[in-house]
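Read off the chains here:
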Amino acid sequence: LAAFVASASCAFAHDAEVEIRYTDGSAEVRCEPLHEENGVCVWRQNRTSLKSGVKSIRVLPDFAKASVGEDGFYLEPSGSCGRFKPRKAACGKTSPASRLHMPAYGMKTPRGAFLAIATGMAYHASIDVRVTNGTYEVAFRFDEDMDTLYEDPAVEYRLFADPKADYNEMARAYRDYQLGRGACTPIRVRMKDRPELAAAATNVEIRIRQGWKPVPSPVPYQTQFNEPKVHAAVTFDRCQDIVREMKRQGVNHAELCLVGWNRGGHDGSYPQLFPVEPALGGEERLRAFIDCSNAAGFQTVCHTCFYSAYTIADDWDEEYLLKERDGSLQASPTPWGGGRAFRTCPQRAYEKWVRKNMQMIKDLGFHGLHYHDVYSILPPRVCYDSRHPCNPVQSTYWTNRQMEETRRQIGGAQSEGPFDHWVGNLDFAMYVNFYPLDDDFAKRPMVDGILPVWMLVYHGITLANPFTGTLNYPIKAPHKRLKFVEFGGRPLFVWYANFHTGKGGDWMGKEDLRCGTDEELRAGV
């Protein structure tokens with residue numbers, strides 16, 4: 001057939017192989033017919049029909065197969081794509097939930113193309129690509145933190161009738177899906193009553209990392225007696241020098257984001273923010289800088305993090321932290337400026353800090369797209385604390401409450417990455433791909449290249465810088481500058497991007513903007 005959809009009568013005449021594994025070691029394989037819902041091909045599993053203890057569910061429709069050597073490709077939401085060529089890696093979960101920016105994947109074979117979207121238990125979905133006996137199989141596998149089925153697992157398949165359909169149609173289909181269900185709204189609509197977003201959408205983003213303690217921290221559990229000293233790289237008065245030099249050189253409009261302005265510097269004492277870090281000049285000089293920046297025509301915001309907590313915080317309490325099934329805490333693998341970081345429960349973050357701190361930040365004079373660290377670079381977390389339990393859907397609800405409060409108080413919200421579980425409240429993503437562009441994608445197993453899929457879906461909906469390697473793009477290598485343009489990036493500049501001295505600490509690139517001397521400051525501007 002030239003395409004899957006030859007006529008309306010046979011458009012949905014497809015089956016799916018469903019492999020279900022249980023925690024007791026048993027397994028079953030079912031062949032289930034797909035059905036039509038509102039013009040879309042659907043697989044849906046009634047969770048009450050399954051016995052308890054589901055460990056994983058793998059859903060493979062009959063059209064998600066291709067022979068080795070055939071034309072076509074499979075496409076992950078990160079933009080990573082692979083062709084149907086012989087592989088050394090025979091199989092693998094190419095996109096676990098921790099990398100699934102959008103709960104979708106695409107595939108094109110000589111028989112047609114489709115886009116699959118996980119619509120039930122979506123936060124537990126992974127992309128499973130296997131090459132067995134000369135055949136590629138591309139499936140959704142539900143298996144991440146799936147100890148409870150709190151909704152029916154479901155997948156929608158959008159089958160394209162046009163035999164020329166490719167990744168552009170796949171991206172457009174997901175974009176239409178998101179807009180159609182009201183998950184997000186175009187910037188040109190939102191900016192009508194949000195002047196802060198209108199200003200950000202037509203200007204560059206400039207982050208100034210001001211102060212930080214050593215990273216990785218030599219003191220994982222910090223107290224007032226063993227806390228390392230803050231390195232004050234850019235004081236509030238030096239920030240004024242940057243603003244004046246920008247005006248002198250003709251940079252008349254931008255959004256400035258202060259990073260590490262808070263007590264202890266960047267990642268210094270979160271979730272505690274106040275008092276303003278004395279080594280940078282304290283609250284008086286911060287207010288003076290904000291007045292200077294606003295008067296110069298710049299929009300001024302700041303960086304905070306309520307995703308993590310450190311023992312050095314004045315209100316440190318294990319009660320508000322995320323808990324694992326056994327009651328243990330969720331700790332970060334790397335000690336940051338404040339030491340070992342522990343993940344907070346999003347419900348507690350909203351209740352304890354966001355409303356109060358957003359009001360205090362507004363009172364300092366900040367307005368624009370306020371930066372919440374981490375949230376959008378990781379999938380929503382599960383909390384097993386009986387006092388504030390959260391599955392991923394509930395976590396997403398509380399994160400959205402945080403962003404709505406941020407928009408109400410400050411004007412808008414930005415975060416670190418591309419996960420779209422709160423895209424309706426995400427005005428800017430600092431980077432879509434955590435990839436410095438220093439190596440060749442073709443060297444990666446199961447991946448032959450990268451396409452601007454996320455940017456096609458959310459262009460005009462969420463501002464974004466496409467790669468970690470494309471911030472400060474004018475001083476980067478030519479191929480990085482070209483990637484920035486190809487992927488439709490919003491210009492993002494960072495003073496002192498390199499502060500992490502450990503392995504892999506230069507994920508934003510070895511090139512940097514500094515202002516230790518007047519010459520460096522002028523060159524940076």
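Residues numbered from 1 in each chain as written. Predicted model: local features only at pLDDT ≥ 70, side-chain atom pairs only at ≥ 80, totals over all residues. Heavy atoms only, no water.

Draft legend 1. Quick look at the environment of Ala118. On the secondary structure map, Ala118 appears in strand 11 (residues 112-120). Look at Ala118 and you get buried, because its relative accessible area is 2%. Along the chain, Ala118 and Glu156 lie 38 residues apart, while their C-alpha atoms are 6.4 Å from each other. Sequence-distant contacts of Ala118, that is, excluding residues within four places in its chain, are made with Pro103, Ala125, Phe140, Phe142, Ala154 and Val155. (Helix = DSSP H or I, 4+ residues; strand = E, 2+ residues; numbered from the N terminus. Buried < 20%, exposed > 50% of the residue type's maximum accessible area, 1.4 Å probe, protein only. Contact = heavy atoms within 4.5 Å.)

Draft legend 2. Seen up close, the sheet that holds strand 27 (residues 492-495). Spatial ordering of the open sheet is given by 26-24-23-22-19-18-15-27, a layout of 8 strands whose pairing is parallel. Where the open sheet ends on each side, the last strands, each with one partner, are strand 26 (463-464) and strand 27. Pairing of strand 15 (residues 205-209) with strand 18 (residues 255-259), which is carried by 5 bridges, proceeds in the parallel orientation. When the sheet's bridge partners are listed, Glu205 is paired in strand 18 with Glu255. Across the sheet, helix 4 (residues 236-249) is in contact with strand 15, strand 18 and strand 27; its angle to strand 18 comes to roughly 160 degrees. Contacts between helix 7 (residues 392-410) and the sheet are confined to strand 22 (368-372) and strand 23 (411-415), with strand 23 contributing the most and set at about 135 degrees to the helix. (Pairing = 2+ DSSP bridges. Axes fitted to C-alpha atoms, helices over the stretch in contact; angles between N-to-C directions.)

Draft legend 3. Layout of the sheet that holds strand 10 (residues 104-109). Across the sheet, 8 strands lie side by side as 3-4-14-11-10-7-8-25; this open sheet has antiparallel pairing. Each edge of the open sheet carries a strand with a single partner, namely strand 3 (35-37) and strand 25 (449-450). Sheet topology places strand 8 (residues 80-83) next to strand 25; 2 bridges connect them, and they run antiparallel. Across the sheet, residue Cys81 finds its bridge partner in strand 25, namely Gly449. Along the sheet, helix 1 (residues 167-180) contacts strand 7 (73-75), strand 10, strand 11 and strand 14 (154-160); its crossing angle with strand 11, the most-contacted strand, is approximately 30 degrees.

Draft legend 4. Structural view of the pairing of strand 12 (residues 125-132). Counting buried residues along strand 12, 6 of its 8 residues qualify, which places the element largely inside the surrounding structure. Relative to strand 13 (residues 135-142), strand 12 runs antiparallel, the two being bridged by 8 bridges. From the neighbouring strand, Ser126 faces strand 13, where its bridge partner is Arg141. Where strand 12 folds back on strand 13, the antiparallel hairpin that results is connected by 2 residues, among which Asn133 adopts a positive phi of roughly 50 degrees.

Draft legend 5. The arrangement of the nonpolar core in detail. Judged by nonpolar contacts, the single largest core of 108 residues is most densely connected at Tyr174, Leu258, Trp261, Leu286, Ile361 and Tyr458. If you look at the next biggest cluster of nonpolar residues, it comprises 40 residues, including Val54, Ile57, Ala64 and Ala139. (Core = buried A, V, L, I, M, F, W, Y, C linked by side-chain atoms within 4.5 Å.)

Draft legend 6. Highlighting the pattern of salt bridges. In total, this model carries 36 salt bridges according to the counting rule given. The salt bridge partner of Glu32 is Arg30, with a shortest N-O separation of 3.5 Å. Members of the salt-bridge network, linked through shared partners, are Arg58, Asp128, Arg130, Glu137, Arg141 and Asp143. (Salt bridge = Lys/Arg side-chain N within 4 Å of Asp/Glu carboxyl O.)

Draft legend 7. Quick peek at helix 5 (residues 282-295). Under the 1.5 Å per step criterion, the end-to-end length of helix 5 is 20 Å for 14 residues, consistent within 8% with the ideal 20 Å. Those residues of helix 5 not exposed but buried are Gly282, Leu286, Phe289, Ile290, Cys292 and Ser293. Axial view of helix 5: buried residues confined to an arc of 160 degrees, hence all on one face. Facing away from the buried surface of helix 5 by more than 90 degrees, the exposed residues are Glu284, Asp291 and Ala295. Looking at the buried positions of helix 5, the neighbouring elements they touch are helix 4, strand 18, strand 19 (299-304) and helix 6 (346-364). (Expected span 1.5 Å × (residues − 1). Arc of directions from axis to C-beta.)

Draft legend 8. Local environment of the layout of surface pockets. Approximately 1,200 Å³ is the volume found for the largest pocket. Lining the largest pocket are 45 residues, and of these Ile377, Leu378, Glu416, Tyr431 and Phe434 sit closest to its centre. For the lining of the largest pocket, the per-class residue count stands at 24 nonpolar, 12 polar and 9 charged. There is about 510 Å³ of room inside the second largest pocket. Surrounding the second largest pocket, 29 residues form its lining, Pro103, Ala122, Tyr123, Arg181 and His421 being those nearest its centre. Mapped by element, the contributors of at least two residues to the lining of the second largest pocket are strand 11, helix 1 and helix 7. Here the lining of the second largest pocket takes 4 residues from helix 7, the largest share from any one element. Taken together, the residues that form the lining of the second largest pocket break down as 19 nonpolar, 7 polar and 3 charged. (1 Å grid on protein atoms, 1.4 Å probe; cavity = no way out; pocket = protein on both sides within 12 Å on 5 of 7 lines; lining within 4 Å. Points joined across faces, edges and corners; volume = space filled by probe spheres on them. Nonpolar A, V, L, I, M, F, W, Y, C, P; charged D, E, K, R; others polar.)

Distances and angles like these do not, on their own, reveal function.
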